[in-house]
Amino acid sequence: MMLGRALGFSAVLCAGIAQAQSPEALAWLRRIQDATHRLSYTGTFVYQNGSRSETSRITRYVDASGDIEKVEVMDGVPREIVRTRDAVRCYLPEARVVKVEHPLDRSAMAERGFPSFLPERINELAKHYDIALGPNERVAGFDCRTLTLKPKDELRYGHTLYADANSAMLLKAATLGPQGELIEQFMFTQLVIGGVSRDKVRPRHVAQSWRVEDSAAAPASFPGWGLSSELPGFRKVAELKRRVGDAGPVGQMVYSDGLAAVSVFIAPMEGRRDPAPAGLASVGAIHIYTRQVANHMVTVVGEAPAASVQRIANSVEFRRP
Amino acid sequence: MKDRISQLMDGELDDRAAAELIGRIGRGDEALETWRLYHLVSDSMRESRALSAGFSARLAERLAAEPTVLAPQRARSESRTWFALSAAASLAAVALVGWLAFAPQQGAAPQLARTATPQVEAQAAPAPAMAPSAANDYLLAHQGFSPRVSIQGMAPYVRTVSEQREPRK
């Protein structure tokens, strides 16, 4: 009995040393994920990147038939995003446009680790990040556990997560650069857990006469297209054809290390009004990089450092299958 | 008209309509081409080996000319690519054709395109290459695949490139 316990303890210790993370920290990551799927709540959060900050309201309603989540952006161009079981709808009242994203078949996605982590994906995360618990902190009136995910290389960002010590609800998430500098941050300023009724997640807009831009996503494969060298730890998790905005069909390949994801979009150049120059744009932790490959416009979008996104973009190639 | 030719082949047209359509086919215009094409597709689906000599080229041309097909108009020399496809000219293969839009035109040099400029591009001007609205469309298209959504819900969807607000009318 004693021996068993001692062995068990040393096994945990060894695993801890080998991977530099405590099972307790990984358990907290699972608790956060679980809370995100299980809880109904309504609150206000601030998104910050650089000198820019934007306030949004978020409401989540869960019942037996699934969950509905609504986000309303309160600053700048009005936007409302409503996710139901089968679609994400983004309402743009000033343009009178609804953009509809249909997730691919959920079971197929779940098999590949999406939309939620699977336990083995969390273990995979531990290969690329040191995951540890930090000191307790207060956020929006909640006592929070902090969880740090420190990347083992410069290909990905670091993260600090602040979760309510009781419910494990994520109150604050900060993305950090290689020197620990703040890249972007989501933080609740007010949150009420529970007590949400269904009418609170209905879209504000009727949108009957609005233009609908549907992603029309479907699984696909693009023989010949791929990366000449993959980014360490990033593997292909999805491949689909779809529309982006009101443009023609586009191929999308998604690579992920379990936490960060990078999408590679491939669109034929023919028929494009504007030749797209190569270049980089960014929003907080997301970088967008475009370049031309073999008569196609390749657009790479990912929540990873600029160099990682560029590396993926520059390794996109077409080999005649 | 394509529907009607399909109906004719399936014996679904009444005598008068059939006679009229057969007349048009007999005049050798587009109807004849469609009629021929449909029979070839139907033959190949039944694994008939009696495909006529120019089958793949004609199929390729017709598909390339289809307004609904996503492929750009392609060069004649592409028909070798098409032949491989037409060997299994099931409807599934036909559906795949649109996705050859993702295969570059003959003559494009992908390896060259990949290796010739990346170093220069890596230091490309920081100017955003696309309009904010286009960038936002790509952001929206990407977000759903980020595992962050599973720990953070929809909050990451608020990330957008700033847009100039149009004045309210």
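Quick notes on the overall build of chain A
Helix and strand content of chain A: five helices and 21 strands. In chain A, the proportion of contacts linking residues at least 24 apart, taken out of those at least 6 apart, comes to 50%.

As for unusual backbone geometry
Excluding glycine, residues mostly carry a negative phi; peptide bonds, for their part, are mostly trans. Residues and elements named next belong to chain A. A positive phi angle, close to 55 degrees, is found at Arg96, a residue other than glycine. Tracing the sequence through the fold places Arg96 in the loop between strand E5 (88-92) and strand E6 (97-101). Under the C-beta neighbour-count criterion, Arg96 is labelled exposed, with 12 such atoms within 10 Å. Phi at Ala207 is positive, roughly 60 degrees, even though this residue is not glycine. In this fold, Ala207 is placed in the loop between strand E11 (182-193) and strand E12 (211-214). Owing to 17 C-beta atoms within 10 Å, Ala207 belongs among the partly exposed residues under this scheme.

Observations concerning helix H9 (residues 132-143) of chain B
Note: α-helices contain 3.6 residues per turn, so residues at a spacing of three or four share the same orientation. Helix length check: H9 of chain B, at twelve residues, gives a terminal C-alpha distance of 16 Å against a target of 16 Å (1.5 Å per residue), a fit within 8%. Most of H9 of chain B is tucked away, with ten of its twelve residues classed as buried.

Some thoughts on the environment of Glu270 of chain A
Relative to the elements of secondary structure, Glu270 of chain A occurs in the loop between strand E17 (261-268) and strand E18 (279-283). Separated by 25 residues in the primary sequence, Glu270 of chain A and Asn295 of chain A place their C-alpha atoms 8.0 Å from one another.

Overview of the sheet that holds strand E1 (residues 41-49) of chain A
Residue and element names in this part refer to chain A. With respect to topology, twelve strands assemble into an open sheet ordered E7-E8-E9-E10-E11-E1-E2-E3-E4-E5-E6-E12, the strand pairing being mixed. The open sheet is flanked by strand E7 (129-139) and E12, the only strands paired with a single partner. Going from strand to strand, the sheet's axes swing by 15 degrees on average, the running direction of each strand aside. Bridge analysis of strand E3 (residues 66-73) against strand E4 (residues 79-83) gives five bridges, and the strand direction is antiparallel. Note that in E4 the partner of Glu72 across the bridge is Glu80. Together, strand E2 (52-63), E7, strand E8 (142-151), strand E9 (158-164) and strand E10 (170-176) form the strand contacts of helix H2 (residues 23-38), whose direction differs from that of E7 by roughly 60 degrees.

Brief notes about the sheet that holds E17 of chain A
Residue and element names in this part refer to chain A. Reading across from one edge, E13-E15-E16-E17-E20-E19-E18 is the order of the seven strands in this open sheet, with antiparallel pairing throughout. The sheet terminates laterally at strand E13 (218-219) and E18, the two strands that pair on one side only. Most of the contacts of helix H5 (residues 306-315) go to strand E19 (residues 286-293), to which it runs at about 25 degrees, and overall it touches strand E16 (249-256), E17, E18, E19 and strand E20 (296-302).

Topic: the confidence of the model for chain A
All names here are of chain A. Summing up the model confidence of chain A, the mean pLDDT is 86 and the portion of residues at 70 or higher is 86%. Across residues 1-19 the pLDDT falls below 50, and counting only partners more than four positions away or on other chains, this stretch makes four contacts in the model. Across residues 107-117 the pLDDT falls below 50, and counting only partners more than four positions away or on other chains, this stretch makes 24 contacts in the model.

About the criteria used
- Residues numbered from 1 in each chain as written.
- Chains lettered and ligands numbered in written order.
- Predicted model: local features only at pLDDT ≥ 70, side-chain atom pairs only at ≥ 80, totals over all residues.
- Helix = DSSP H or I, 4+ residues; strand = E, 2+ residues; numbered from the N terminus.
- Contact = placed C-beta atoms within 7 Å.
- Buried ≥ 20, exposed ≤ 12 C-beta atoms within 10 Å, placed from the backbone.
- Expected span 1.5 Å × (residues − 1).
- Pairing = 2+ DSSP bridges.
- Axes fitted to C-alpha atoms, helices over the stretch in contact; angles between N-to-C directions.
- pLDDT = per-residue confidence, 0-100.

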